[in-house]
Amino acid sequence: MRRPVRKAIFPVGGLGTRFLPATKAMPKEMLPVVDKPLIQYAVEEAKAAGIEEFIFVTGRGKAAIENHFDREYELESVLKNRGKDKELDDLSSLLLEAGSVTYTRQQEPLGLGHAVWCARNLIGDEPFAVLLADDLVQADTACLKQMVDSYQDTGGHLVAVMDVPRDQTNRYGILDVVEDNGSLARARSLVEKPKPEDAPSTLSIIGRYILDPSVFDELDKKERGAGGEIQLTDALAATLDEVNFHGLRFEGTRFDCGSKAGFLEATIAFALEREDLGGKMRNILKKYA
């Protein structure tokens, strides 16, 4: 049996500049899709995958995230006095087990690799997950749960992947695939944001990772890559002589909520799935189509 994946890192220190002015005073991870913030969807996905320890890598102005997953006694009291039992249950579902949540600060926005490196002392020498709240996945079985199940067979590094149009490879980390059974692809290397003509494939990483702790040895070097940032994909690529690397084509739909169009699409898709909103949303869409 492989060591279980017990810990997850949530890099939430980004500035959210693509959503200004909305994110001037509010973390982008707190933007709501219907009635839940993006970070809550990510945490719920991690819980569904059996994660026991939740590590948030924060930055300045992110206190709202900490408050969201904490108790609000005054609000709970008001809801209780007004008989708002459903709302009380919704608040209770936010709470994580005492002692299972840790916050650490990324003092400079130096990239995803740097954010993951900031949590190194909280991970230790065991496999761990990384979830990016910007990537929202709608699936019958949580994306990370699919990955944890597959990890029992693969070990090493395992990432969630999807095929993208070739003219968009310069937006993603792209796998150089040597074996592919349609669901699981084994790669010999990966390239961060290659030009379409240079991309070894169109199989791209989305914001879900299960990583071997050996990646911290490379991140310790603090080498800069694309955009002058410390790239997680570069650190992963440097370990592939010794660590297996696979990409899992997950079952579900991924929404790029780091873009305005993707965020709006996710809001529509999740609203359509709701019993209390689906019909109303369909009528709204007919009105504006």
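Here, the structure is the one placed above.
Definitions and limits used
Residues numbered from 1 in each chain as written. Predicted model: local features only at pLDDT ≥ 70, side-chain atom pairs only at ≥ 80, totals over all residues. Heavy atoms only, no water. Core = buried A, V, L, I, M, F, W, Y, C linked by side-chain atoms within 4.5 Å. Buried < 20%, exposed > 50% of the residue type's maximum accessible area, 1.4 Å probe, protein only. Helix = DSSP H or I, 4+ residues; strand = E, 2+ residues; numbered from the N terminus. Contact = heavy atoms within 4.5 Å. Pairing = 2+ DSSP bridges. Axes fitted to C-alpha atoms, helices over the stretch in contact; angles between N-to-C directions. Parallel < 35°, antiparallel > 145°, perpendicular 65-115°, else oblique. Nonpolar A, V, L, I, M, F, W, Y, C, P; charged D, E, K, R; others polar. Salt bridge = Lys/Arg side-chain N within 4 Å of Asp/Glu carboxyl O.

Draft legend 1. Main features of the nonpolar core. Counting residues in each nonpolar core, the largest one holds 43 residues, and the members touching the most others are Phe10, Ile39, Phe56 and Leu144. When residues of this core are assigned to their parent elements, the largest contribution, six residues, is made by helix α1 (residues 38-48). Excluding residues within four positions of it along the chain, Ile39 makes contact with Phe10, Val12, Glu29, Met30, Phe56, Phe69 and Ala133. Within the second largest apolar cluster, 31 residues are counted, among which are Val116, Phe216, Ala235 and Leu236.

Draft legend 2. Focus on the pairing of strand β4 (residues 53-58). Most of β4 is tucked away: five of the six residues are buried. Of the strand pairs in this sheet, strand β1 (residues 7-11) and β4 are connected by five bridges, and their pairing is parallel. In the strand pairing of β4, Ala8 is matched with Phe54. Sheet analysis places β4 next to strand β5 (residues 101-105), joined by five bridges and oriented parallel.

Draft legend 3. Spatial organisation of the packing of helix α10 (residues 260-272) against helix α11 (residues 278-288). Between α10 and α11, whose axes approach to 7 Å, the crossing angle comes to 135°. Judged by the inter-axis angle, α10 sits oblique to α11. Seen from α10, the contacting residues are Ile268, Ala271 and Leu272; seen from α11, they are Gly278, Met281, Arg282 and Leu285. Split into classes, the residues belonging to the contact of α10 with α11 amount to five nonpolar, one polar and one charged.

Draft legend 4. Local environment of the pairing of strand β12 (residues 245-249). Among the five residues that make up β12, four are buried, leaving the element largely enclosed by the rest of the structure. Taken together, the five bridges between strand β8 (residues 157-163) and β12 define a ladder with parallel strand orientation. Residue pairing across strands places Val159 opposite Gly247, the latter belonging to β12. Note: strand β10 (residues 184-192) against β12, three bridges, orientation antiparallel. What sits directly across from Arg186, in β12, is His246.

Draft legend 5. Structural context of the pattern of salt bridges. On inspection of all chains with the given rule, the structure shows 19 salt bridges. Note that Glu29 is salt-bridged to Lys62, the shortest N-O span being 2.9 Å. One end of the pair, Glu29, is in the loop between β1 and β2 (32-33); the other, Lys62, is in the loop between β4 and α2 (63-68), with 33 residues separating them in the sequence. In this structure, Glu29 and Lys62 share a single accessibility class: buried. Between Asp163 and Arg249 there is a salt bridge, and its shortest N-O distance comes to 3.4 Å. Within this pair, whereas Asp163 is found in strand β8, its partner Arg249 is found in strand β12, the two being separated by 86 residues in sequence. According to the relative accessible area criterion, Asp163 is partly exposed, its value standing at 43%. With a relative accessible area of 24%, Arg249 lands in the partly exposed category. Among the charged side chains, a network of salt bridges with common partners joins Arg6, Lys7, Glu52, Glu53 and Glu126.

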